[in-house]
Amino acid sequence: MPLDVWSYLAATAGGALIGLLLAVFGGGGSVLATPLLIYVVGVRDPHVAIGTSAAAVSLNALVALGGQARAGQVKWPCALVFGAAGLTGSLIGAEIAKQVDGHRLLLWFAAAMALVGASMLLPKKAEGDPAVRINQTLVMRLAPLGLMTGLAAGFFGIGGGFLIVPGLMAATGMTLAHAAAASLVSVVLFGAATSASYAASGLVNWPVFAALVAGGGLGALIGTPVAQRLKGHARTARRGFAFMVIAAAGYVAWRATR
C-alpha cells in the first residue's frame with residue numbers, strides 16, 4: 001500500500017523522537033525505528049522497515065561520529081579492528097534475516113528490544129584506561145567480539161550500541177566515554193552494510209529514509225538542551241526510557257503473534 005503525506009510526516013516526527021532520545025541518552029533510541037515505521041508510519045513489510053531504519057541509523061551515527069572525532073574521543077585502532085571484524089558478521093546477519101518470515105523476525109526483534117531495555121537498567125562503570133593502545137592481545141579479543149556483535153546487529157537491523165560499548169570495554173579496558181565514542185564506528189559500518197544488503201534486494205524505502213534522517217537532525221538539535229536540563233535526573237530518566245523500550249518490545253511481540 002503506497003504511503004501518503006501523513007505517513008511521511010509521521011516518519012519525520014518519529015525520526016525527531018529517535019534523534020532526541022539518542023541525544024539525551026546516547027543510545028537505545030534507534031531500536032524504536034523499526035516499530036515506528038511498521039505501526040505508526042505504515043510500512044507493512046518488516047524487512048523494508050528494518051532495511052530503511054538501518055540506513056537511517058548509519059547516517060545519524062556518522063554525524064555523531066564526526067562530533068566525537070573532533071573532540072578526540074575515538075580510539076581509532078580499537079574501533080576499526082572491532083568494526084572491520086563485525087562488518088562481515090553484519091552482512092551475514094542481514095542475509096539470514098531476509099530469509100526469515102516477517103512475523104517471526106518481529107518476534108526476534110522484540111526479544112532484542114527487551115535486551116536493549118534491560119541493558120539500560122544495568123549500572124555502568126565509567127572507570128577504565130583512558131590511554132589504552134592496540135596490541136596483538138587486544139586484536140585477538142576485539143575481532144571475535146566484533147564478528148558476533150556485527151552478526152546480531154545485521155540480523156536485527158539495529159545499531160547494536162548496547163552490545164558494542166560493553167564489548168569494547170571488556171576487550172580493551174577503555175573508559176565508558178571512549179567506548180561510546182568508538183562504538184559509533186561500528187554502528188556506521190554495521191548499519192551501512194545491513195542497509196546495503198537490504199537495498200540490493202529492493203528492501204529500503206528511500207523517501208521514508210529521507211524523512212527519518214530529516215527528523216533525526218531536528219531531534220538532535222532539540223535533544224541537546226533537553227539533555228542539559230536532565231543532567232541532575234539522568235538515572236531516573238534513563239530508567240523511564242528503558243521501561244518504555246521494554247513495553248514497546250511487549251507490544252511488538254503481541255502484534256507479531258496476532
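Only a predicted model underlies this, so the values are computations on that prediction, with no experimental measurement involved.

### Describing the overall build of the protein
Then, number 1: Secondary structure assignment for the protein yields 10 helices and zero strands.
Then, number 2: Traced from its N-terminal end to its C-terminal end, the protein shows the element sequence α-α-α-α-α-α-α-α-α-α.
Then, number 3: Whereas a compact globule of 258 residues would reach a radius of gyration of roughly 18 Å, the protein reaches 17 Å, a difference of no more than 12%.
Then, number 4: On the principal axes, the C-alpha backbone points of the protein span a range of 55 × 40 × 30 Å.
Then, number 5: Counting over 258 residues, the protein shows a buried share of 48%.
Then, number 6: Accessible surface, the protein as shown: approximately 12,000 Å² in total, 68% of it carbon and sulfur.

### Brief notes about the nonpolar core
Then, number 1: With 45 residues, the main nonpolar core has Val31, Leu32, Leu37, Val43, Met113, Tyr198 and Val245 as its most contacted residues.
Then, number 2: Going through the elements one at a time, helix H1 (5–25), helix H2 (33–41), helix H3 (46–70), helix H4 (76–98), helix H5 (102–121), helix H6 (136–156), helix H9 (206–229) and helix H10 (234–256) are the ones with two or more residues in this core.
Then, number 3: Top contributing element to this core by residue count: H5, with eight residues.
Then, number 4: Of all hydrophobic cores here, the second largest spans 25 residues; its members include Val57, Leu168, Met169 and Ala171.

### Details of the packing of aromatic side chains
Then, number 1: Tallied over the entire structure, the rule returns five aromatic pairs.
Then, number 2: An angle of 85° between the planes, with centres 5.3 Å apart, marks the rings of Trp206 and Phe209 as edge-to-face. Of this pair, Trp206 and Phe209 both sit in helix H9, three residues apart, which is roughly one turn of the helix.
Then, number 3: Judged by relative accessible area, which is 46%, Trp206 ranks as partly exposed.
Then, number 4: Here the aromatic rings of Tyr251 and Trp254 are separated by 5.8 Å at their centres, their planes lie at 45°, and the arrangement is tilted. Here the residue Tyr251 and the residue Trp254 both occupy positions in helix H10, the gap between them amounting to three residues, near one helical turn.
Then, number 5: The cationic tip of Lys98 hangs over the ring face of Tyr198; the distance from NZ or CZ to the ring centre is 5.9 Å.

### Topic: the pattern of salt bridges
Then, number 1: Across all of its chains, the model carries one salt bridge by this definition.
Then, number 2: The salt bridge partner of Lys98 is Glu95, with a shortest N-O separation of 2.9 Å. Residue Lys98 and its partner Glu95 are located together in helix H4, separated by three residues, close to a single helical turn.

### Regarding the packing of H3 against H5
Then, number 1: Running from N to C, H3 and H5 point in directions that differ by 45°, and their axes come no closer than 9 Å. On the basis of the axis angle, H3 is oblique to H5. Between H3 and H5, the residues in contact are Pro46, His47 and Ile50 and Gly102, Leu105 and Leu106, respectively.
Then, number 2: Within the contact of H3 with H5, the residues separate by chemical class into four nonpolar, two polar and no charged.

### Some thoughts on the layout of surface pockets
Then, number 1: Approximately 150 Å³ is the volume found for the second largest pocket.
Then, number 2: Forming the walls of the second largest pocket are Ile38, Tyr39, Val43, Arg44, Pro46, His103, Leu106, Arg255 and Ala256.
Then, number 3: For the lining of the second largest pocket, the residue count by class is six nonpolar, one polar and two charged.

So, how was this worked out
- Residues numbered from 1 in each chain as written.
- Predicted model: local features only at pLDDT ≥ 70, side-chain atom pairs only at ≥ 80, totals over all residues.
- Heavy atoms only, no water.
- Helix = DSSP H or I, 4+ residues; strand = E, 2+ residues; numbered from the N terminus.
- Rg over C-alpha atoms; globule rule 2.2 N^0.38 Å.
- Buried < 20%, exposed > 50% of the residue type's maximum accessible area, 1.4 Å probe, protein only.
- Areas by Shrake-Rupley, 256 points an atom, 1.4 Å probe, with all protein chains shown as cover.
- Core = buried A, V, L, I, M, F, W, Y, C linked by side-chain atoms within 4.5 Å.
- Phe/Tyr/Trp six-rings, centres within 6.5 Å; stacked < 30°, edge-to-face > 60°.
- Lys NZ or Arg CZ within 6 Å of the ring centre and 35° of its normal.
- Salt bridge = Lys/Arg side-chain N within 4 Å of Asp/Glu carboxyl O.
- Axes fitted to C-alpha atoms, helices over the stretch in contact; angles between N-to-C directions.
- Parallel < 35°, antiparallel > 145°, perpendicular 65-115°, else oblique.
- Contact = heavy atoms within 4.5 Å.
- Nonpolar A, V, L, I, M, F, W, Y, C, P; charged D, E, K, R; others polar.
- 1 Å grid on protein atoms, 1.4 Å probe; cavity = no way out; pocket = protein on both sides within 12 Å on 5 of 7 lines; lining within 4 Å.
- Points joined across faces, edges and corners; volume = space filled by probe spheres on them.

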